[in-house]
Amino acid sequence: QKCSLIKSVKLERQLTAGETERKIMKLSARNILKGKVKSLQKGPISSLVVLEIAPGIEIVSTITAESSAALKLRKGQTAYAVIKASSVLVGVDD
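Trainee: Looking at this structure, I do not really get the environment of Ile 83. What am I missing?
Mentor: The residue Ile 83 is located in strand S6 (residues 78-83) in this model. Look at Ile 83 and you get partly exposed, because its relative accessible area is 35%. Sequence-wise, Ile 83 and Asn 31 are 52 residues apart; in three dimensions their C-alpha atoms are separated by 5.2 Å. Excluding anything up to four places from it in sequence, Ile 83 contacts Ala 29, Asn 31, Leu 33 and Ile 59.

Trainee: Can you walk me through the confidence of the model for the chain in this structure?
Mentor: Low-confidence regions, as indicated by low pLDDT, have predicted coordinates that should not be scrutinised in detail. Scored by pLDDT, the chain has a mean of 81; 74% of the residues are at 70 or more. Confidence, read as mean pLDDT per element, is least for strand S1 (residues 9-14) in the chain (52) and greatest for strand S4 (residues 46-54) (95).

Trainee: Just to check I follow, could you spell out a nonpolar patch on the surface for this structure?
Mentor: A cluster of nonpolar side chains, namely Met 25, Leu 27, Tyr 80 and Val 82, defines an oily patch on the protein surface of about 310 Å² accessible area. Inspection of the secondary structure assignment puts Tyr 80 in strand S6. A relative accessible area of 40% places Tyr 80 in the partly exposed class.

Trainee: Help me out: how do you make sense of the nonpolar core in this one?
Mentor: Counting 8 residues, the largest nonpolar core consists of Leu 33, Val 37, Val 49, Leu 51, Ile 53, Leu 73, Ala 79 and Ala 81. Going through the elements one at a time, strand S3 (31-42), S4 and S6 are the ones with two or more residues in this core. In contact with Val 37, not counting residues within four places along its chain, are Val 50, Leu 51, Leu 73, Arg 74, Lys 75, Gly 76, Gln 77 and Ala 79.

What counts, and at which threshold
Residues numbered from 1 in each chain as written. Predicted model: local features only at pLDDT ≥ 70, side-chain atom pairs only at ≥ 80, totals over all residues. Heavy atoms only, no water. Helix = DSSP H or I, 4+ residues; strand = E, 2+ residues; numbered from the N terminus. Buried < 20%, exposed > 50% of the residue type's maximum accessible area, 1.4 Å probe, protein only. Contact = heavy atoms within 4.5 Å. pLDDT = per-residue confidence, 0-100. Patch = residues over 30% accessible without salt bridge, like charges linked within 9 Å, V, L, I, M, F, W, Y side chains within 5 Å. Areas by Shrake-Rupley, 256 points an atom, 1.4 Å probe, with all protein chains shown as cover. Salt bridge = Lys/Arg side-chain N within 4 Å of Asp/Glu carboxyl O. Core = buried A, V, L, I, M, F, W, Y, C linked by side-chain atoms within 4.5 Å.

See below:
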């Protein structure tokens, strides 16, 4: 299944109590996959996030607990996997 490229991502930054600033940020990453949070395992240091990007297709990411809290992640929420890597490994079965 072909995934479309997202050209910009909305950012929200807390200014002062009750005020927020919204901006659009453009990313150089070419692999931005939209999905739903299927599960979230929060730990004291990190959180394991499972995004379902298509029926039966999941991407798993470990992020800091601080990032998980800042993003206010919850099951069923729309989220994006932004993949930017300097290398991609390829393997085959014997």
